[in-house]
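Each chain, written out:
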Amino acid sequence: TDTAKMTMGKIIFYEDRNFQGRSYETSSDCSDMTSYLSRCQSCRVESGCVMVYERPNFMGNQYFMRRGEYADYMSMMGMRDCIRSCRMIPMHRGQFRMKIYERENFGGQMHELMEDCGNIQDRYRMSDCQSCQVLDGHWLLYEQPQYRGSMVYLRPGEYRSFRDLGVSSNRFMSMRRIMDM
């Protein structure tokens with residue numbers, strides 16, 4: 001629908017650094033960009049926020065990008081590989097809510113978050129977060145405290161095991177809401 005498009009972002013990918021070579025523009029999720037570009041080494045986020053992934057089907061290491069120009073994102077972000085898929089992040093207005101669990105399959109300690117948490121160990125005496133339920137809003141989870149290390153983007157839904165997401169880490173120590181900036 002037209003209203004969904006208005007809230008979504010727009011991104012242009014380029015085959016070469018510094019916005020050179022063939023380009024591919026999208027305002028929607030793309031599970032495999034290899035059909036449009038043989039490689040992708042720079043991009044321009046014209047609006048909104050987007051997650052980019054090093055493997056097709058939203059798998060592998062992922063990176064959060066907001067509006068701006070990324071002339072050589074591979075060296076900027078320490079990416080090892082080209083972008084192979086991307087997911088648009090709709091801007092959520094309203095409350096944010098997530099339940100985090102110490103163990104897989106919603107086991108162990110449980111805590112409910114409604115705001116950013118820089119360190120679950122300090123705040124909840126929780127050594128690990130291996131599953132969660134996102135009830136409201138869109139979130140970024142980070143492998144290390146203070147929003148560092150590998151990250152994963154989560155939309156509303158149940159995540160029984162982070163292993164299923166194809167990320168290098170299956171435990172996360174800090175969480176941040178994706179807010180409209």
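Just so it is clear, the structure is predicted and the values come from calculations on it, not from any experiment.

A. The arrangement of unusual backbone geometry in detail. Unlike most non-glycine residues, Phe106 shows phi in positive territory, near 60 degrees. Relative to the helices and strands, Phe106 is located in the loop between β6 (97–103) and β7 (107–113). Of note, the phi angle at Arg125 is positive, near 55 degrees, even though the residue is not glycine. Of note, Arg125 is situated in the loop between α3 (120–124) and β8 (131–136).

B. Seen up close, the UniProt feature "domain: Beta/gamma crystallin 'Greek key'" (unreviewed entry) in the protein. In the numbering used here, UniProt assigns the feature "domain: Beta/gamma crystallin 'Greek key'" (unreviewed entry) to residues 9–47, 48–90 and 137–179. As a span, residues 9–47 carries 0% helix and 51% strand, and end to end its C-alpha atoms are 5 Å apart. In the segment residues 137–179, helix accounts for 0% and strand for 47%; the C-alpha atoms at its two ends are 9 Å apart.

C. Structural view of the side chain of Gln130. In this fold, Gln130 is placed in the loop between α3 and β8. For Gln130, a relative accessible area of 14% translates into the label buried. Here Asp128 takes part through its side chain, which lies 3.1 Å from a polar atom of the side chain of Gln130. For Gln130, the residues in contact, after removing those within four places along its chain, are Tyr101, Glu102, Arg103, Glu104, Arg160, Ser161, Phe162, Asn170 and Arg171.

What counts and what doesn't
- Residues numbered from 1 in each chain as written.
- Predicted model: local features only at pLDDT ≥ 70, side-chain atom pairs only at ≥ 80, totals over all residues.
- Heavy atoms only, no water.
- Helix = DSSP H or I, 4+ residues; strand = E, 2+ residues; numbered from the N terminus.
- UniProt positions renumbered as here; feature names shortened; annotations may be inferred.
- Buried < 20%, exposed > 50% of the residue type's maximum accessible area, 1.4 Å probe, protein only.
- Polar contact = N/O pair within 3.5 Å; in protein donor to acceptor, adjacent residues only side chain to side chain.
- Contact = heavy atoms within 4.5 Å.

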